[in-house]
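# Coordinate analysis (summary)
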There are 4 protein chains.
Amino acid sequence: MPRQIKKIGVFTSGGDAPGMNAAIRSVVRTCAYHNIECVGIYRGYEGLMEGDFEPMNARSVKGIINKGGTILKSARSQEFRTKEGREKAHQQLIKAEIDALVAVGGDGTFTGALIFNEEFDFPVMGIPGTIDNDIFGTTHTLGFDTAQNTVVDAIDKIRDTASSHNRLFFIEVMGRDVGHIALNVGIAGGAEEILIPEEDLGLDRLVESLKRSRKSGKTSSIVVVAEGDKIGKNIFELKDYVDENMEGYDVRVSVLGHMQRGGSPSCFDRVLASRMGVKAVESLLEGKSNYMVGLLKNKMELTPLDNAIKGKSKINLELLRVSDIMST
Amino acid sequence: MPRQIKKIGVFTSGGDAPGMNAAIRSVVRTCAYHNIECVGIYRGYEGLMEGDFEPMNARSVKGIINKGGTILKSARSQEFRTKEGREKAHQQLIKAEIDALVAVGGDGTFTGALIFNEEFDFPVMGIPGTIDNDIFGTTHTLGFDTAQNTVVDAIDKIRDTASSHNRLFFIEVMGRDVGHIALNVGIAGGAEEILIPEEDLGLDRLVESLKRSRKSGKTSSIVVVAEGDKIGKNIFELKDYVDENMEGYDVRVSVLGHMQRGGSPSCFDRVLASRMGVKAVESLLEGKSNYMVGLLKNKMELTPLDNAIKGKSKINLELLRVSDIMST
Amino acid sequence: MPRQIKKIGVFTSGGDAPGMNAAIRSVVRTCAYHNIECVGIYRGYEGLMEGDFEPMNARSVKGIINKGGTILKSARSQEFRTKEGREKAHQQLIKAEIDALVAVGGDGTFTGALIFNEEFDFPVMGIPGTIDNDIFGTTHTLGFDTAQNTVVDAIDKIRDTASSHNRLFFIEVMGRDVGHIALNVGIAGGAEEILIPEEDLGLDRLVESLKRSRKSGKTSSIVVVAEGDKIGKNIFELKDYVDENMEGYDVRVSVLGHMQRGGSPSCFDRVLASRMGVKAVESLLEGKSNYMVGLLKNKMELTPLDNAIKGKSKINLELLRVSDIMST
Amino acid sequence: MPRQIKKIGVFTSGGDAPGMNAAIRSVVRTCAYHNIECVGIYRGYEGLMEGDFEPMNARSVKGIINKGGTILKSARSQEFRTKEGREKAHQQLIKAEIDALVAVGGDGTFTGALIFNEEFDFPVMGIPGTIDNDIFGTTHTLGFDTAQNTVVDAIDKIRDTASSHNRLFFIEVMGRDVGHIALNVGIAGGAEEILIPEEDLGLDRLVESLKRSRKSGKTSSIVVVAEGDKIGKNIFELKDYVDENMEGYDVRVSVLGHMQRGGSPSCFDRVLASRMGVKAVESLLEGKSNYMVGLLKNKMELTPLDNAIKGKSKINLELLRVSDIMST
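Residues numbered from 1 in each chain as written. Chains lettered and ligands numbered in written order. Predicted model: local features only at pLDDT ≥ 70, side-chain atom pairs only at ≥ 80, totals over all residues. Heavy atoms only, no water.

## Topic: the overall build of chain A
Of the regular secondary structure elements, chain A holds 11 helices and 11 strands. The globule rule puts the C-alpha radius of gyration for 328 residues at 20 Å, and the 22 Å found for chain A is close to it. Overall size of chain A, expressed as C-alpha extent along the three principal axes, is 70 × 35 × 30 Å. For chain A, the proportion of its 328 residues judged to be buried stands at 66%. Residue pairs at least 24 apart in sequence account for 75% of intrachain contacts in chain A once pairs closer than 6 positions are excluded. For chain A, the accessible surface area stands at approximately 11900 Å², while carbon and sulfur atoms represent 47% of it. (Helix = DSSP H or I, 4+ residues; strand = E, 2+ residues; numbered from the N terminus. Rg over C-alpha atoms; globule rule 2.2 N^0.38 Å. Buried < 20%, exposed > 50% of the residue type's maximum accessible area, 1.4 Å probe, protein only. Contact = heavy atoms within 4.5 Å. Areas by Shrake-Rupley, 256 points an atom, 1.4 Å probe, with all protein chains shown as cover.)

Right, dumping it as structure tokens:
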């Protein structure tokens, strides 16, 4: 028989993402709706071990749905990777009479939650919050939609100056292991080429393609490069190679950086966060544990945390083809 | 045996929507990719009857992916509703040696295309372009995502002034027959109540709910109202009723209006438009006709135009529930 | 000899404007810098009479520089217009040991401050915060720059749909007594005509001008109308008149409304607010009173409150001429 | 007696800036208003020497007021620095019967124009277009206002993630020789420190200040660094120094890069560009030459090109003080 849940703790962990605040708000309000208590845990697993807790009610989360970042702060914790650290965290939860946890974060966060659950049989539920969209079990992670719009806006701006000067720009976007952001913003930003970790185009084919593009009359070009791209060691070396192997090109590099993580969440991310918060809390109340909440076929679905971590989020091959056709 | 398609015409019709230009660009470039010709038809069915055509190649659609509106213009046509009008249009297509049409628009547009196809056995393919998301056979119409972000941005701004003055705002958003925009932006904008055509809350329950919300400590409130809402004859009458039946409230109305149709399309709408253009052209090349291209379960799928028109786009009931919980 | 000032109260009053929070932050931090105390007064003169005060330090205003609205809330007060009301306010200030006031608002706010100062010889300093820019003694009021960008963004969006449909749009913007917003956004939005309170173009000349514009090949048009325009009784009557007197035009109206007051302040408004807060506090510390801080020739200057209220903020006639030339 | 001007050429040169298109539009329409011809010259001095000209009328500049970049493209030219290059340019102007030039750009552009005028007594007028605001004779160059808003928006986003993680961010903004952008966005973005070329704070004082700030309770910090800052060799070395000399800090770097040059111009820049275009053309028509149009005390004024180049644009010392007070 599932233990009865009277108090839920919520925290954010790992890289922050737009929509995390909307998710916190949703968890808090869903608890209020079901007349159970809710506690905010600061700085992820760090705050969990230190007992850095604060009771939250519907009013505590007023006016945060449109704010970027996370009011509960985030952190990465080395200590929680030790048995001692997790033991400390468990004691804090017992002391605070918290019966279950909602963890908002990426796969690092979920790995911690999974181990914690195994060791202490403590109910946990995950909400995928990361701009990279690299989690299995959901078509969209929180922040992915917003980050794409942020990046596309930046590419639009860079294109203004690129086309005024007939330049070639390499633009680095986030995505260490997966090319979701790069692939989508590349299509949306009208990029001539998109370099993603999943595909190694090869430097020669890249130069070939750029030459072809120039020949066909294009005077400026954008190449979108995911951080984790395998083609060059890094984007500056990529630039150097193209500089050396193509004539008459003025090549520039722009690394978009941390700006991509911030900003007011899009409508999509706010709605998604609201749905995920409801689903996470209500699943805990139904006695479920060890799942990640996700969006699959436009519905809220549960995926075992284990699968969410081990599964691989794959890029949509159709998009690769669309990208090729669009840069005709 | 399907006739061989060598030249495709593309037009936009009905209310414009962000992403229409990205769809035109995609149709044109997919034609170029397959080495077939493409012709832009101005002002929808009006231009079709007048032969207001222009050959388009990959360069013609340069720099339009991020532009709102439609470079091919749009119009509503009375004449095309007559047999004579359609006959004229057919003659223009024969004269220009156009073999198939891609129609970007809403159900009015598709109805015209369907009749035209029936009368002349002329290959047509539809792309759903309307901010209202009221088309069956796709989870998202072009422009829906962008419009939601535009509206949420406006609601955020109005909330600044609402909460500075402890006011109650009625905000009218688009949606004559369906409440998709209202429901999503209502959740994302943190609205206390959402009034949609699909549901008649009743004036008394609305006032009741607002009083409860005030009692619980909220000092400012947002009520999102879809154009087609059935509760009051119009938003100003709604305001008057609440003014009369609640004390101590400073009630205001804001009608967001046509601004909702414009603006640079979101990343999502640009990618969707690019995918739909590819699918529409390639489906015609495969000999298919009389379908609408749509996004179903994150894949491009075809729905017979007939079903797209007659089917009903239903609101997600889960969202209604999320909205209730969030306004706890 | 000026009394020594050890504690300053700050409040916002009248219509809210972007930049008010940045001004509050600046007042609070300038007080901290000079080691004097600062007290936030809620809901303008209402809170002043009720003693709705809160001590503020540098940390209290963290993270508000980029927020629209006002964290101190605003209100209009009838009671403060009475001698009794002002007496109550004075007692509250004595009780809280507040030595001087910084009032952020428009001319209604300043009139209150002026009378209060006359009656109780209480040091007051004004900061002009209103999007209308209708205050004498400063080239820019707080919020004016932000509001212009908000409106121009909306006009750009409306133009997308106007030009897709060959429509004529009347767009109403704020400005009951002055046409500053209308004149600037009209030029920036590429409006064909701009109707402002300072100038009565006359309905016939408007229609004449629109006909000429259509003749010259323009297929869509934007007319920007200030709320306080004298040409028609209201914007809907204006539309009706044009509808009746021009053929072949599809005329629409958009009233931008309260959205214009909100949003994150522009860089200009944030810097201006920061400068004004410093100047207001330091002027009080220098023993000055009864002035409004303003931007004149890019410098912070003081204008007697009396003049700020009675003086008239005039539109720049050069802009009228530029507008005429641009709509050639 | 000034020669009669019947045809004016306009071009953009040097780094592009938002508002350049609005300036081109204004020049073209002011010519149309005065019934003289206007010719667009592509790619700055390069196109001038090649005769890459295009006649422009009011319709040619339709819909560009809100576009970033420059439709006339820009370039830097080595050849125009030679007597032969300028001779070629002069011949092209004679051939095309162009009587005067309007040059939109920065001091490199104006230097070219000045020499060209001296050698051929050819009427020239300059419009200051550069985001850096480093031109003497105008309080604002075209693009400066827009760039500031772009940067502040990026800083707001970075602050979301900085404050979620208690990080210190070094953010590099444009400004090789002057700190105008850095100083303003630093204040507007709530930066703890602002490093500009005009002032060498010294590394030790920077570290001292950051330590003080951390001690006072700030858990995250933003330091805005102008490209041309003299404190460290570059921003990455700066980061390394702080990393080594401060404990417990997670330091990150973000270089905003070319994004700062693009985007739709702000209302201010559009109006300024419109005013400058009118003033430039009408000054030429009055027989004036060799001036730069500028905004001084909110009026359009002329400054001899010579002074504009040799003069120095100075930062506002009041802003330095405001910045110090705000980071209390």
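There's more to say after this.
## Quick word on a positive patch on the surface
On the surface, a cluster of positive charge is made up of Lys 297 and Lys 299 of chain A together with Lys 297 and Lys 299 of chain B. As for its position among the elements, Lys 299 of chain A is in strand S11 (residues 299-304). (Patch = residues over 30% accessible without salt bridge, like charges linked within 9 Å, V, L, I, M, F, W, Y side chains within 5 Å. Salt bridge = Lys/Arg side-chain N within 4 Å of Asp/Glu carboxyl O. Lys, Arg positive; Asp, Glu negative; His and termini not counted. Charge placed at Lys NZ, Arg CZ, Asp CG, Glu CD.)

## With respect to the domain arrangement of chain A
Residues and elements named next belong to chain A. Considered domain by domain, chain A is made up of domain 1 (7-143 + 265-310) and domain 2 (144-261). One C-alpha centre belongs to domain 1, the other to domain 2, and the line joining them spans 34 Å. Interface of domain 1 and domain 2: buried area, both sides summed, is about 1200 Å²; carbon and sulfur atoms make up 53% of it. Broken down residue by residue, the surface that domain 1 buries against domain 2 is led by Ile 131, Asp 132 and Asn 133, which jointly contribute 46%. The tally of links from domain 1 across to domain 2 stands at 0 salt bridges. At the junction of domain 1 with domain 2, the criterion picks out 9 residue pairs in polar contact (both at pLDDT 80 or more). A per-class count over the side of domain 1 that touches domain 2 returns 6 nonpolar, 7 polar and 4 charged. (Domains from an automatic or database assignment. Buried area = accessible area lost by both parts, 1.4 Å probe. Polar contact = N/O pair within 3.5 Å; in protein donor to acceptor, adjacent residues only side chain to side chain. Nonpolar A, V, L, I, M, F, W, Y, C, P; charged D, E, K, R; others polar.)

## Quick notes on the packing of helix H7 (residues 203-215) of chain A against helix H8 (residues 235-245) of chain A
Geometry of a packed helix pair, given as the angle between the helix axes and the separation of the axes. Residue and element names in this part refer to chain A. Their axes nearest at 11 Å, the elements H7 and H8 cross at an angle of 55 degrees. Viewed along their axes, H7 and H8 adopt a mutual orientation that is oblique. Considering the relative orientation of H7 and H8, their crossing is right-handed. In this structure, H7 contributes Leu 203, Asp 204, Leu 206, Val 207, Leu 210 and Lys 211 to the contact, and H8 contributes Leu 238, Tyr 241, Val 242 and Asn 245. Here the contact of H7 with H8 is composed, by residue class, of 7 nonpolar, 1 polar and 2 charged. (Axes fitted to C-alpha atoms, helices over the stretch in contact; angles between N-to-C directions. Parallel < 35°, antiparallel > 145°, perpendicular 65-115°, else oblique. Left-handed = near helix turned anticlockwise from the far one by under 90°.)

## Quick word on the side chain of Asn 66 of chain A
Take Asn 66 of chain A: it is sitting in the loop between strand S3 (53-56) and helix H3 (83-95). Judged by its relative accessible area of 18%, Asn 66 of chain A falls in the buried class.

## Overview of the interface of chain B and chain A
Between chain B and chain A, the contact holds 48 residues from the first and 48 residues from the second. Ranking the residues of chain B by area buried against chain A places Arg 59, Cys 267 and Met 326 of chain B at the top, with a combined share of 15%. The tally of links between chain B and chain A comes to 6 salt bridges. Remark: the boundary between chain B and chain A carries 14 residue pairs in polar contact (both at pLDDT 80 or more). Going through the elements one at a time, helix H1 (20-33), helix H5 (144-165), helix H6 (180-188), helix H9 (267-285) and helix H11 (317-326) of chain B are the ones with two or more residues in the side of chain B that touches chain A. Tallying contributions element by element places H9 of chain B first for the side of chain B that touches chain A, with 8 residues. For the side of chain B that touches chain A, the class distribution of residues is 17 nonpolar, 18 polar and 13 charged.

## Notes on unusual backbone geometry
When glycine is set aside, most residues are seen to have a negative phi, and most peptide bonds are trans. All names here are of chain A. One non-glycine residue with positive phi stands out, namely Glu 97, at about 55 degrees. Relative to the helices and strands, Glu 97 is located in the loop between H3 and strand S4 (100-105). The exposure class assigned to Glu 97 is exposed, which follows from its relative accessible area of 56%.

## As for the sheet that holds strand S7 (residues 193-195) of chain B
Pairing between sheet strands relies on hydrogen bonds along the backbone, with the strands arranged either parallel or antiparallel. All names here are of chain B. Read from one edge of the open sheet, 4 strands run S7-S8-S6-S9, paired in parallel fashion. A strand with exactly one partner marks an edge of an open sheet, and here the two such strands are S7 and strand S9 (250-255). Strand after strand, the sheet turns through a mean of 20 degrees between neighbouring axes, direction not considered. Where strand S6 (residues 167-173) meets strand S8 (residues 221-226), 6 bridges bridge the pair, whose relative direction is parallel. Each residue of the ladder has a partner; that of Leu 168, found in S8, is Ser 221. (Pairing = 2+ DSSP bridges.)

## A closer look at the packing of helix H9 (residues 267-285) of chain C against helix H5 (residues 144-165) of chain D
At a minimum axis separation of 8 Å, H9 of chain C and H5 of chain D run at an interaxial angle of 85 degrees. The pairing of H9 of chain C with H5 of chain D is recorded here as roughly perpendicular in orientation. Note on element contacts: H5 of chain D touches H9 of chain C through Asp 145, Gln 148, Asn 149, Val 152 and Asp 156 of chain D, opposite Cys 267, Phe 268 and Arg 270 of chain C. Partitioning the contact of H9 of chain C with H5 of chain D into residue classes produces 3 nonpolar, 2 polar and 3 charged.

## What about the sheet that holds strand S4 (residues 100-105) of chain B?
All names here are of chain B. Reading across from one edge, S3-S2-S1-S4-S5-S10-S11 is the order of the 7 strands in this open sheet, with mixed pairing throughout. In this open sheet, the two strands that pair with only one neighbour each are strand S3 (53-55) and strand S11 (299-304). The mean angle between the axes of side-by-side strands here comes to 30 degrees, regardless of whether they run parallel or antiparallel. Here 5 bridges tie S4 to strand S5 (residues 124-128), and the two strands are oriented parallel to one another. For Leu 101, the partnering residue across the bridge sits in S5 and is Val 124.

## Observations regarding the relation of the copies chain B and chain A
You can overlay chain B on chain A at an RMSD of 0.0 Å; the transform is a turn of 180 degrees with a shift of 0.0 Å along its axis. Such values leave the two copies arranged in the relation of a two-fold axis. It is Lys 297 of chain B whose C-alpha, among those of chain B, lies nearest the rotation axis, at 2.4 Å. A symmetric contact is evident, with 100% of the interface residues of chain B recurring at the interface of chain A. (Least-squares fit on C-alpha atoms with pLDDT ≥ 70 in both.)

## Structural notes on the environment of Glu 208 of chain C
Residues and elements named next belong to chain C. For Glu 208, the position within the fold is in helix H7 (residues 203-215). Overall, the relative accessible area of 45% leaves Glu 208 in the partly exposed class. Along the backbone, Glu 208 and Thr 82 are 126 residues apart, and their C-alpha atoms lie at a distance of 51 Å.

## Some remarks on helix H1 (residues 20-33) of chain C
Residues and elements named next belong to chain C. The first and last C-alpha atoms of H1 sit 20 Å apart over 14 residues, in line with the 20 Å expected at 1.5 Å per residue. Of all 14 residues in H1, 12 are buried; the element is thus mostly enclosed. Just downstream of H1, Asn 35 is the residue with a positive phi angle, here 55 degrees. (Expected span 1.5 Å × (residues − 1).)

## Side note on the environment of Tyr 241 of chain A
All names here are of chain A. Counting through the fold element by element, Tyr 241 comes out in helix H8. Of the residues examined, Tyr 241 reaches a relative accessible area of 26% and is grouped as partly exposed. In the structure, Tyr 241 is positioned 175 residues away from Asn 66 in sequence and 42 Å away in space, judged by C-alpha atoms. Residues within four places of Tyr 241 in sequence aside, it is in contact with Leu 203, Asp 204 and Val 207. A polar side-chain atom of Tyr 241 sits 2.8 Å from a polar atom in the side chain of Asp 204.

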